[in-house]
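The lines below spell out each chain.
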Amino acid sequence: MVHITPPAPEVRITLIKKAWEGYDASKKISDIEDISAMVSTNRVFKVTFDDGDMVIAKLSYFGKYEYFKDDHRIIHSLSNNLLYPFENFLSKSLLKNNRVYTYRYRHEGVDAWVVFYNPTRFFERLPRRLDEHHIRSMGHQIGRFHKACARITNVLPKASKTLRTDIFALQQQLEQNGQQFGDAAKVDLLKHHCELFLKNRSKYNVQSFAIIPVFIDWNIGNFSVYPNLELFSRWDYDWFRMSYRVLDFYFLSRVVSDAGDRTVFSYVIDPMMEDRFIMFLEEYHTVNPLMANEIRFLKETYRFFILNYVIRNGKFFFAEEYAKKLQAEAFDIYLPSIERDFNADKIIDTLKLS
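Given the structure is predicted, the values throughout are model-derived calculations rather than measurements. (Residues numbered from 1 in each chain as written. Predicted model: local features only at pLDDT ≥ 70, side-chain atom pairs only at ≥ 80, totals over all residues. Heavy atoms only, no water.)

**Student:** Tell me about the overall build of the protein chain, and please be specific about residues and values.
**Tutor:** Within the protein chain, the regular secondary structure consists of 12 helices and 11 strands. For 354 residues, the compact-globule estimate of 2.2 N^0.38 gives 20 Å, and the protein chain sits close to it at 20 Å. With the C-alpha coordinates of the protein chain rotated into their principal frame, the extents come out at 60 × 50 × 35 Å. Taking all 354 residues of the protein chain together, 54% fall into the buried category. Long-range contacts, defined as pairs at least 24 residues apart, comprise 73% of the intrachain contacts of the protein chain with a sequence gap of at least 6. Surface accessibility of the protein chain: about 16,300 Å² in total, with carbon and sulfur atoms responsible for 49%. When the 48 positive and 45 negative side-chain charges of the protein chain are each reduced to one mean point, those points stand 4 Å apart. (Helix = DSSP H or I, 4+ residues; strand = E, 2+ residues; numbered from the N terminus. Rg over C-alpha atoms; globule rule 2.2 N^0.38 Å. Buried < 20%, exposed > 50% of the residue type's maximum accessible area, 1.4 Å probe, protein only. Contact = heavy atoms within 4.5 Å. Areas by Shrake-Rupley, 256 points an atom, 1.4 Å probe, with all protein chains shown as cover. Lys, Arg positive; Asp, Glu negative; His and termini not counted. Charge placed at Lys NZ, Arg CZ, Asp CG, Glu CD.)

Rendered as structure tokens:
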């Protein structure tokens, strides 16, 4: 089992100061304010300087520093290569010597890293519960955004992690130290779902799916829109990766769901079966056509999300109260619901896919 020592509050401030000194020691910090949402273990700070300037600092100790650095390198390339109307959509990391500046801190069991961003401009937030015109606009906008990302994938740096390597890592943990996830029945359940994922990954011919940048977490607190509902700005890159576009769809189904955005949340599969989500996909499909196997693979992207982000990494990423709740629900609700409650044919028939 990997042991992670979280930085104490006073260490976080020291860490941010050291990170900035490595970037530009001539510019003095006057204040550091924690503005984190407190849902995850990551921390976000507003850093104010003596001259009144301001930047945002992101501190993380979840995952691997190499992945963190690679992700921000890819995001920087993406933000610079996206064409109109998305050329200013992504928040920008600060550069040093023409590279994204990251700082790694390793001391007394703490291994954490920092990246700095320019403050993100935002226009309007979508309402907590969307109306039909919001849903159709979102479908159209995300379809266009995915298309824009796909056009420049060949010029982006290569990524080292894949869905398969993450599932392999979980399988290895289950073999070597399965008790960290619960009793023998729970370990067997997780092994079964890992095997199902890998089997269906081949069955649905994912090799034919394009690999594009995906942000996964599309809750309405992570992006803003113009008054005409076109995408304006996007921030929060906790789960960024290069993968299949359908990996974005579970969270987008939550955005357009009948329940809407909620403070107390669960990760049930139900939003992907709502007519509201199918309406979103209909609009998406008009600008960025979908394949039937991508729809069939939707349940596997959900399975992957639960296995990798909730089970495998949940206690490292989510704040403790959320991690315990979500992991308990994963065994009792999320995983048992996949085969029972997801019906790809309903979506395929509506979209008239063959």
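**Student:** An account of the pattern of salt bridges is requested, with residue identities and associated values reported.
**Tutor:** Per the stated rule, a full pass over the model turns up 23 salt bridges. Between Arg136 and Glu283 there is a salt bridge, and its shortest N-O distance comes to 3.6 Å. Of this pair, Arg136 sits in helix α3 (residues 132-151) while Glu283 sits in helix α7 (residues 275-287), and the two are 147 residues apart along the sequence. Across the pair Glu175 and Lys191 runs a salt bridge, and its minimum N-O distance is 3.3 Å. Here Lys191 lies in helix α5 (residues 184-203) and Glu175 lies in helix α4 (residues 163-177), a separation of 16 residues in the sequence. Judged by relative accessible area, which is 24%, Lys191 ranks as partly exposed. (Salt bridge = Lys/Arg side-chain N within 4 Å of Asp/Glu carboxyl O.)

**Student:** Tell me what's going on with the pairing of strand β3 (residues 54-60), and back it up with residues and numbers.
**Tutor:** Within β3, six of the seven residues are buried, leaving the element largely enclosed by the surrounding structure. As defined by bridge partners, strand β2 (residues 43-49) adjoins β3 across six bridges and the pair is classed as antiparallel. Looking at the pairing, Val47 lines up with Val55 of β3. Pairing of β3 with strand β7 (residues 110-117), which is carried by five bridges, proceeds in the antiparallel orientation. Directly across from Lys58, in β7, lies its bridge partner Val115. (Pairing = 2+ DSSP bridges.)

**Student:** Would you mind going over the sheet that holds β2 in detail, with residue names and values included?
**Tutor:** One open sheet holds the five strands; their spatial order is β1-β2-β3-β7-β6, and the pairing between them is antiparallel. Looking at strand neighbours, the two that pair on one side only are β1 (29-34) and β6 (102-107), the edges of this open sheet. Going from strand to strand, the sheet's axes swing by 25° on average, the running direction of each strand aside. Its contacts with the sheet place helix α1 (residues 9-24) against β1, β2, β3, β6 and β7, and it is angled at close to 55° to β7. Helix-sheet contacts for helix α2 (residues 65-81) involve β3, β6 and β7, and the interaxial angle to β7 is about 10°. (Axes fitted to C-alpha atoms, helices over the stretch in contact; angles between N-to-C directions.)

**Student:** Explain helix α11 (residues 320-341) to me, using residue names and the numbers behind them.
**Tutor:** At Ala330, α11 is deflected by roughly 55°, the largest bend along its length. Residues of α11 that are buried include every one of Tyr322, Ala323, Leu326, Gln327, Glu329, Ala330, Phe331, Tyr334, Leu335, Ser337 and Ile338, and no others. Against the buried residues of α11 lie α5, α9 (298-312) and α10 (314-317). (Bend = angle between axes of the 7 residues up to and from the residue.)

**Student:** With reference to specific residues and values, describe the packing of α3 against α7.
**Tutor:** Closest axis-to-axis distance for the α3/α7 pair is 7 Å, and the angle between their directions is 40°. Between α3 and α7, the crossing angle belongs to the class labelled oblique. Helix-helix and strand crossings are classified by hand; for α3 and α7 the assignment is right-handed. Contacts between α3 and α7 involve Glu132, Ile135, Arg136, Met138, Gly139, His140, Ile142, Gly143, Arg144, His146 and Lys147 on the former and, on the latter, Arg276, Met279, Phe280, Glu282, Glu283, Tyr284 and Val287. (Parallel < 35°, antiparallel > 145°, perpendicular 65-115°, else oblique. Left-handed = near helix turned anticlockwise from the far one by under 90°.)

**Student:** So what about the nonpolar core? Which residues, and what values?
**Tutor:** By size, the foremost hydrophobic cluster in this structure holds 103 residues, and its most contacted members are Trp239, Phe249, Tyr267, Phe280, Ile295 and Ile306. No other element matches α9, which puts nine residues into this core. For Ile295, the residues in contact, after removing those within four places along its chain, are Leu281, Leu290, Phe342, Ala344, Ile347, Ile348, Leu351 and Leu353. In terms of nonpolar packing, the next biggest core, distinct from the first, is built from 20 residues, Phe45, Val47, Leu59 and Tyr61 among them. (Core = buried A, V, L, I, M, F, W, Y, C linked by side-chain atoms within 4.5 Å.)

**Student:** Which residues make up the environment of Phe45, and what values go with them?
**Tutor:** Take Phe45: it is sitting in strand β2. Residue classification places Phe45 among the buried residues on the basis of a relative accessible area of 2%. Linking Phe45 and Phe181, residues 136 residues apart in sequence, is a C-alpha distance of 32 Å. Excluding anything up to four places from it in sequence, Phe45 contacts Arg12, Ile13, Ile16, Ile32, Glu33, Asp34, Ile35, Val55, Ile56, Ala57 and Leu59.

**Student:** Any details on the pairing of β2? Residues and values, ideally.
**Tutor:** In terms of burial, β2 is largely enclosed, as five of its seven residues are buried. Taken together, the five bridges between β1 and β2 define a ladder with antiparallel strand orientation. Residue Glu33 lies in a different strand from β2, and its bridge partner there is Lys46. The loop that links β2 with its antiparallel partner β3 comprises four residues; one of these, Gly52, has a positive phi angle of about 95°.

**Student:** So what's going on with the environment of Arg164? Residues and values would help.
**Tutor:** Tracing the backbone through its elements, the reader meets Arg164 in helix α4. Considered as a pair, Arg164 and Phe304 are 140 residues apart in the sequence and their alpha carbons are 9.4 Å apart. For Arg164, the contacting residues outside a window of four places in its chain are Leu198 and Arg201.

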